[in-house]
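One-letter residues, chain by chain:
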Amino acid sequence: MFGKTLLMLGCLGSTLSAATAPAPYGPLPTTQQVNWLRMEWYAFVHFGLNTYTNREWGYGDESPKLFKPGHFDAETIVKTFKGAGMSGMIYTAKHHDGFCTWPTNSTTHNITLSPWKNGRGDVVKEFAKACQKNDFAFGTYLSPWDRNCAEYGRPGYLKVYYKQIEELLTNYGPIFEIWFDGAMGGDGYYGGARQNRNIGKADTYYNYKQVVKNIRKLQPDCIIWGAAGRGDVTWGGSEKGFVKYPLWNAQGNKWLSLEGDTPINHRGWFWHPGQGGHVKTPEKLMEIYLASVGRGANLILNLAPDRDGRLDAADVASLEAFGKMRSKLLAVDYARGAEVKTDAVRGNDARFNGGQMTDGDIESYWCPEDGTTTPTAEIVLEKPATFDVVRLREQIRLGQRVEAFRVEAMVDGSWKTIVEPGKPGEVETQFNLRGGKGHTIGNQVMRWLSEPVTTNRLRLTITRAKACPCISEFSLLLMPGTEEVAPAAATVGGDVVLNSKGWTYSGFAADKAYLAFDGKSATMWSIGRTPSHFVVDMKKPQLVNGFAYLPRQDGKTQGMTSRYRVELSMDGRSWKNVAEGEFGNLRANPVEQVISFSPQKARYLRFFSTAALDGTGSSVAEMKIYGPAAK
Ligand code: FUL
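Caption draft 1: Structural view of the overall build of the chain. Within the chain one finds 11 helices and 27 strands. Relative to the 2.2 N^0.38 estimate, which gives 25 Å for 631 residues, the radius of gyration of the chain is 27 Å and therefore close to what a compact globule would have. Structurally, the chain occupies a C-alpha span of about 90 × 55 × 45 Å along its principal axes. Counting all 631 residues of the chain, 57% fall into the buried class. Sequence-distant contacts in the chain: of pairs separated by 6 or more residues, those separated by 24 or more amount to 77%. Carbon and sulfur atoms provide 51% of the accessible area of the chain, an area that totals close to 24,900 Å². Of the charged side chains in the chain, 74 are positive and 65 negative; the average position of the first set lies 5 Å away from that of the second.

Structure (structure tokens):
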């Protein structure tokens, strides 16, 4: 496939009679970036000490002894991913808590202190080997923020961190992608100092310029995520999985690809007790896929092993059902082999004619003369077909060019617009399930029509482009029906949500506390002070064993409660502290977090908001209080 490209791109001026390929436009992707974009989607695996502490962010003081996944089998996990059609996986070799899941020489806070395999285990190696054996790409996530290391925030940490990068890129075979997360919350254990450490500008502190250089030397094919924009790929901008559309890969004079990231489970990136009822449905996953891959990015979808080391059955069921939907969607391209007539062909050369869009070859492309930016193509199918997804691709090795396009279908004797061209300034954020407009194309764009269309004639018009468009594929696909998925458990680990009817509230902004129990995520208890608290009177003593906190959902982070303490009482006078800690990763992923404690009888619960994000304040959009299910 690359041989052919070289021939096409490299034949400039070689034959007088044949047209020459257009000159590249704007920043170009590297070969590695092109190959990476063809991977489309792969797994994220968050698995470490947080798995055992029910946290999204560990503080750094967790004992390595907690890590003992009795039934961890990397190959079973890899085969599950591969079976669903994924192309690789990225493992959190070290998360913010600093625990290294491989026997590193850089810090003692590592897996050799865990009872798993008597301290001789190596999770990175097991995943890497299973991937190699199954011809599956393997990558790692290595958190720059390290809440365990005493030297974090000082120059001393860099030696530790660089060593970790070197070990991962030297001892585990090819790494297809390495993730440098941008999170750096400030406070942590830091070797016992329990301080707030500010590193200033991440790019300067970590010296990403040097990091990138080191990586290119060790593994030139490794895709670098993040690194303050010095890498090859950047964050899609949400942890819901979508990226914004239109999507431009040109960032200044550099090509930067995008990756949408999201966990399959609403509970978060790590496994949490009782998460079974919270898996995203296959339809939701399709929506995510269309809003990431379908907008020209890649998708990294997280599945978290549990404390035993196994993937959650409900997560797997949903993944597999979505995997089947995706394979069916892509299985038949109704435009394949269609005849294409165009109003412009570069130099009248067959190598650049419209047929190149329907030949199934991702490298060949249709292209008009330089200066022609709004050409039209008519696509005639051999026989009428029914489809509801239109997919287009540009030959991105020559740069990204198209700004807007229209697709029409001949229905009942007249042309009907089925994809309207996008207007400048319009942006799709969040998800748009169906009926989206035609803006950028790039690596690929998939538009799910508002309804299926049956026809044998279509018309594609590029309505705006920065240079003569080079369209490599025009495809027509049909969205399959939803597969049956095993129903997920409805309770949280056998717990029940206590009925809040009749409860009363006191404390700060007590008149607004009921808004945290009204079942509406748009309303909230909030007050402009930290710390702050409210008291729930449940009217009768009952067994309580946990609570759920949903942070404010209005898109703002000011005064979003990020640390908590919960106390229980029988009489409203003497209190017992039952839980205390941090709600991690709220800024990027403000989802519900569930905290459990051992069951105890109480009539009153006091919730303290002890720290908040971005200024003074306290807030709770929704809270649930749990008790053990009656036997
Ligand atoms: C974020 C982290 O803070 C989360 O914990 C998670 O690892 C996610 C993929 O990236 O920035």
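Caption draft 2: Here's a closer look at the site of the ligand. With respect to spatial proximity, the complete set of residues near the ligand consists of Phe44, His46, Trp57, His95, His96, Tyr141, Asp181, Ala183, Glu239, Trp269 and Asn585. Notes on the ligand: free accessible area 290 Å², of which the protein chains cover 95%. Residues belonging to the shell around the ligand are distributed by class as follows: 5 nonpolar, 4 polar and 2 charged.

Caption draft 3: Spotlight on the packing of aromatic side chains. A full pass over the atoms with the stated rule returns 41 aromatic pairs. With a centroid separation of 5.2 Å and 90° between ring planes, the pair formed by Trp41 and Phe322 is classed as edge-to-face. Separated by 281 residues along the polypeptide, Trp41 in strand S1 (residues 41-45) and Phe322 in helix H10 (residues 313-331) bring together distant segments of the chain. Each member of the pair, Trp41 as well as Phe322, is classed as buried.

Caption draft 4: Up close: unusual backbone geometry. Residues Tyr245 and Pro246 are joined by a peptide bond in cis, for which omega reads 5°. Residue position: Pro246 is located in the loop between strand S8 (233-235) and strand S9 (250-251). Each neighbour pair has its own omega, and for Thr530 with Pro531 the value is -5°, a cis peptide bond. Looking at the secondary structure, you find Pro531 in the loop between strand S21 (525-527) and strand S22 (532-550).

Caption draft 5: Structural view of the nonpolar core. Among the nonpolar cores identified, the biggest contains 85 residues, and Phe81, Met89, Phe127, Phe180 and Tyr206 are the most heavily contacted of them. Sorting elements by how many residues they give to this core places helix H6 (residues 155-170) first, with 7 residues. Setting aside chain neighbours within four positions, we find Phe81 in contact with Ala43, Val45, Met86, Met89, Phe136, Leu303, Leu311 and Leu319.

Caption draft 6: Fine view of the pairing of strand S25 (residues 593-613). Summarising the sheet, S22 and S25 pair through 13 bridges and their orientation is antiparallel. Looking at the pairing, Ser532 lines up with Ser609 of S25.

Caption draft 7: Summary view of helix H8 (residues 208-218). Taken together, the buried positions of H8 are occupied by Tyr208, Val211, Val212 and Ile215. For H8, the arc enclosing every buried residue in end-on projection is 95°, short of the 170-degree limit, so these residues lie on one face. Along H8, exposed side chains directed more than 90 degrees from the buried face belong to Lys209, Lys213 and Lys217.

Caption draft 8: Representation of a nonpolar patch on the surface. A contiguous nonpolar patch, built from Val332, Tyr334 and Leu478 and spanning about 210 Å² of accessible area, is present on the exposed surface. By the secondary structure assignment, Leu478 is in the loop between strand S18 (471-477) and strand S19 (495-497).

Caption draft 9: Quick look at the pattern of salt bridges. Counted by the stated rule, this structure contains 38 salt bridges. In this structure, Glu363 engages Arg38 in a salt bridge whose closest nitrogen and oxygen atoms are separated by 3.0 Å. Of this pair, Glu363 sits in the loop between strand S13 (339-342) and strand S14 (376-394) while Arg38 sits in the loop between helix H2 (31-37) and S1, and the two are 325 residues apart along the sequence. With its nearest N and O atoms 3.5 Å apart, the salt bridge here joins Glu287 to Lys284. Residue Glu287 and its partner Lys284 are located together in helix H9 (residues 282-292), separated by 3 residues, close to a single helical turn. On the basis of relative accessible area, Glu287 is assigned to the buried category, the value being 18%. A relative accessible area of 25% means that Lys284 is categorised as partly exposed. Connected through shared salt-bridge partners, Arg147, Asp187, Arg563 and Glu582 make up one network.

Caption draft 10: Spatial organisation of the side chain of His95. For His95, the position within the fold is in the loop between strand S2 (88-94) and helix H5 (123-133). Since its relative accessible area comes to 6%, His95 is described here as buried. A distance of 3.3 Å separates polar atoms of two side chains, one belonging to His95 and the other to Tyr141.

Calculation rules
- Residues numbered from 1 in each chain as written.
- Predicted model: local features only at pLDDT ≥ 70, side-chain atom pairs only at ≥ 80, totals over all residues.
- Heavy atoms only, no water.
- Helix = DSSP H or I, 4+ residues; strand = E, 2+ residues; numbered from the N terminus.
- Rg over C-alpha atoms; globule rule 2.2 N^0.38 Å.
- Buried < 20%, exposed > 50% of the residue type's maximum accessible area, 1.4 Å probe, protein only.
- Contact = heavy atoms within 4.5 Å.
- Areas by Shrake-Rupley, 256 points an atom, 1.4 Å probe, with all protein chains shown as cover.
- Lys, Arg positive; Asp, Glu negative; His and termini not counted.
- Charge placed at Lys NZ, Arg CZ, Asp CG, Glu CD.
- Near = heavy atom within 4 Å.
- Nonpolar A, V, L, I, M, F, W, Y, C, P; charged D, E, K, R; others polar.
- Phe/Tyr/Trp six-rings, centres within 6.5 Å; stacked < 30°, edge-to-face > 60°.
- Core = buried A, V, L, I, M, F, W, Y, C linked by side-chain atoms within 4.5 Å.
- Pairing = 2+ DSSP bridges.
- Arc of directions from axis to C-beta.
- Patch = residues over 30% accessible without salt bridge, like charges linked within 9 Å, V, L, I, M, F, W, Y side chains within 5 Å.
- Salt bridge = Lys/Arg side-chain N within 4 Å of Asp/Glu carboxyl O.
- Polar contact = N/O pair within 3.5 Å; in protein donor to acceptor, adjacent residues only side chain to side chain.

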